[in-house]
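A closer look at the structure
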Amino acid sequence: GGAGLAAALAGPATWAALTVEERDTVLGRAALVERDAPAFLAFDPQLDAAVGARLVCTVGDRSPVLRQRVAAAVAARTGAPVVTVRGCGHLPQFDAPQAFADTILAPVGPPAILERTRP
């Protein structure tokens, strides 16, 4: 169901790091996750259209390997940098919101693996 999918999408390291309140927030959206899952799984972005656009791929250093591979593939196709947020899982926007905000608001340089640390 939606609750299991939401937990799986977060990844085990991120899920374990969430507070009870944060988990409840995610689980409170389980019906939305379940409803949106078919569209999410069928999503096939036209990445070639993103070439030249301001795009940043973020991953946590504890993100699942699949997420790391997806970020690398997007970077290879678009020239976007991949920013690794240290101390984070699949959801750096939850694990380190300030580092995530700083990352997406920073000027974008050439494609590279950059490191940001958790505040």
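None of the values given here were measured: they were computed from a predicted structure.

1. A closer look at the overall build of the protein chain
Within the protein chain, the secondary structure is distributed over seven helices and three strands. Element order for the protein chain, N to C, with α for helix and β for strand: α-α-α-α-β-α-β-α-α-β. With 119 residues in all, the protein chain has 31% of them scored as buried. Within the protein chain, counting contacts between residues at least 6 apart in sequence, those at least 24 apart form 68% of the total. Approximately 7,300 Å² of the protein chain is accessible, and the part contributed by carbon and sulfur atoms is 62%.

2. With respect to the pairing of strand β2 (residues 82-85)
Along any regular strand, the residues point their side chains to alternate faces of the sheet. Burial along β2 is two-sided: Val82 and Thr84 and Val83 and Val85, pointing in opposite directions, are all buried. Of the strand pairs in this sheet, strand β1 (residues 57-60) and β2 are connected by four bridges, and their pairing is parallel. Looking at the pairing, Val59 lines up with Thr84 of β2. Considered for its hand, the β-α-β crossover made up of β1, helix α5 (residues 65-78) and β2 is right-handed.

3. Examining the confidence of the model for the protein chain
Taken residue by residue, the protein chain gives an average pLDDT of 75. The fraction at 70 or more is 76%. Mean pLDDT in the protein chain bottoms out at strand β3 (residues 113-116), which sits at 45, and peaks at β2, which reaches 88. Every residue in residues 109-119 is under pLDDT 50, and counting partners more than four places away or in other chains gives 30 contacts.

4. Things to note about the pattern of salt bridges
In this structure the tally under the stated criterion is one salt bridge. We note a salt bridge from Arg86 to Asp61, for which the minimum N-O separation is 3.8 Å. Within this pair, whereas Arg86 is found in the loop between β2 and α6 (92-95), its partner Asp61 is found in the loop between β1 and α5, the two being separated by 25 residues in sequence. What makes Asp61 partly exposed here is its relative accessible area of 33%.

5. A word on the nonpolar core
Among the nonpolar cores identified, the biggest contains seven residues, and these are Cys57, Val59, Ala71, Val74, Ala75, Ala80 and Val82. Listed by contribution, the elements that provide at least two residues to this core are β1 and α5. Among the elements that take part in this core, α5 stands out by supplying three residues, more than any other. Ala6, Ala10, Leu18 and Leu91 belong to the second-largest nonpolar core, a separate cluster that totals six residues.

6. Details of the environment of Cys57
Mapped onto the secondary structure, Cys57 falls in strand β1. Given the relative accessible area of 8%, Cys57 is considered buried. The contacts of Cys57, once residues within four sequence positions are left out, are Ala71, Val74, Ala75, Ala80, Pro81, Val82 and Val83.

7. Side note on the side chain of Thr58
Within the secondary structure, Thr58 sits in strand β1. Here Thr58 is in contact with Arg67, Val83, Pro92, Phe100 and Thr103, once residues within four sequence places are set aside.

8. A look at the side chain of Thr78
Considering the arrangement of structural elements, one finds Thr78 in helix α5. A distance of 2.8 Å separates a polar atom in the side chain of Thr78 from the backbone oxygen of Val74. Of note is the side chain of Thr78, whose polar atom sits 3.2 Å from the backbone nitrogen of Ala80.

Conventions used here
Residues numbered from 1 in each chain as written. Predicted model: local features only at pLDDT ≥ 70, side-chain atom pairs only at ≥ 80, totals over all residues. Heavy atoms only, no water. Helix = DSSP H or I, 4+ residues; strand = E, 2+ residues; numbered from the N terminus. Buried < 20%, exposed > 50% of the residue type's maximum accessible area, 1.4 Å probe, protein only. Contact = heavy atoms within 4.5 Å. Areas by Shrake-Rupley, 256 points an atom, 1.4 Å probe, with all protein chains shown as cover. Pairing = 2+ DSSP bridges. Right-handed = clockwise from strand over helix to strand, strands pointing away. pLDDT = per-residue confidence, 0-100. Salt bridge = Lys/Arg side-chain N within 4 Å of Asp/Glu carboxyl O. Core = buried A, V, L, I, M, F, W, Y, C linked by side-chain atoms within 4.5 Å. Polar contact = N/O pair within 3.5 Å; in protein donor to acceptor, adjacent residues only side chain to side chain.

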